[in-house]
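# Breakdown of the fold
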Amino acid sequence: MAGNDLGSLLGGLLGGSGGQGASSGGGNILGALLGALMGGAGGAQAGGSQAGGSNPLGGLLDMLTKSGLADQAQSWIGTGDNQAVSGAQIAEAVPDEALQKAAAQAGVSPQEAADQIAQALPAAVDKLSPEGQLPTGSLEEIIRAQKF
C-alpha cells in the first residue's frame, strides 16, 4: 500500500539525521497519514494547489496553514530554524478520518499518531524543501531525489 512505501521512504529520509529518536516510527506514521490523505480522506487533496494530487504533502501543509499554523509550516519549508508543532495542533488540523486511518495502520492511538507526526513532520518537510520551497512532482519522486 502507498502509505507503507511512503513510510519506508520517509523513515529512511529521517533516519539519516543523527539525533532524532523516533525517526523511523515517525516516518512510518507520517507515510501512513500521507497515504490516507492521498486516498481522499475528507477531500484533503483539494487544498494542494501548489502540489499535484500525487503529492499530498502540499495538501497537508495547506491544511496546517488553514488551521492557523502558517508560521510553523513556512519555517519548515524556509531555510531558518524549524518551529515546533504539538500533537494537539496536528490532530486539529488533519481530518479525523485520515488521522484514525494512519493510527490504525501504525498500530497506535490517534493521539499517539498525532504526537509522532508532530515530531516527524518539521524535519521531513525541512529535508524535502532544501531550496526553501516545496518541490513539485510526486511525493515518492521528491523523497527519492533526497537520498544521497
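A brief structural summary. Position labels on residues start from 1 in each chain and follow its written sequence. Restriction of local features to residues with pLDDT of at least 70 applies here, the model being predicted, together with a cutoff of 80 or more for giving and counting side-chain atom pairs; totals for whole chains, interfaces and linings are based on all residues. Side-chain numbers here rest on the full set of heavy atoms in the structure, without hydrogens or water.

Elements are defined by DSSP. Helices are runs of H or I of four residues or more, strands are runs of E of two residues or more, and each kind is numbered from the N terminus. The helix and strand tally for the chain stands at 7 helices and 0 strands. Burial statistics for the chain: of 148 residues in total, 46% are counted as buried. Throughout, a contact is declared for two residues whenever any of their heavy atoms are within 4.5 Å. A separation threshold of at least 6 residues defines the contact pool for the chain, and within that pool the share at least 24 residues apart is 62%. About 6,800 Å² of surface is accessible on the chain, with carbon and sulfur atoms providing 47% of the total. Burial classification: accessible surface area is computed with a 1.4 Å probe over protein chains only, and a residue below 20% of its type maximum counts as buried, one above 50% as exposed, and the rest as partly exposed. Calculation of accessible area relied on Shrake-Rupley with a 1.4 Å probe; when residues are assessed, cover is drawn exclusively from the protein chains displayed.

Now for the environment of D115. Topologically, D115 is positioned in helix α6 (residues 110-128). Taking relative accessible area as the criterion, D115 reaches 36% and is therefore assigned partly exposed. With 29 residues separating them in the primary sequence, D115 and S86 have C-alpha atoms 6.6 Å apart.

Expected span, for any helix, means 1.5 Å times one less than how many residues it has. Its 22 residues give helix α3 (residues 56-77) an end-to-end C-alpha distance of only 15 Å, which falls more than 12% under 32 Å, the value for a rise of 1.5 Å per residue. Note that the bend at a residue is defined as the angle between axes fitted to the seven residues ending at it and the seven residues starting at it. For α3, the principal kink sits at L69 and spans about 135 degrees.

Taking 1.5 Å as the rise per residue, α6 with 19 residues should run 27 Å; its terminal C-alpha atoms sit 25 Å apart, in good agreement. Its axis deflected by about 35 degrees at A120, α6 carries its strongest bend there, up to four residues before the proline P122. Taken together, the buried positions of α6 are occupied by A113, A114, I117, A118, A120, L121, P122, A123, A124, V125 and L128.

Our next topic: the nonpolar core. Ranked by size, the top nonpolar core spans 42 residues in total, and within it L57, L61, I90 and L121 carry the most contacts. Counting only elements with at least two residues in this core, the list comes to α1 (2-15), α2 (23-38), α3, α4 (87-93), α5 (96-106), α6 and α7 (139-146). With 10 residues, the single largest contributor to this core is α6. For I90, the contacting residues outside a window of four places in its chain are L64, V85, A114, I117, A118 and L121. Think of a nonpolar core as a cluster: buried Ala, Val, Leu, Ile, Met, Phe, Trp, Tyr and Cys residues, connected wherever their side-chain atoms sit within 4.5 Å.

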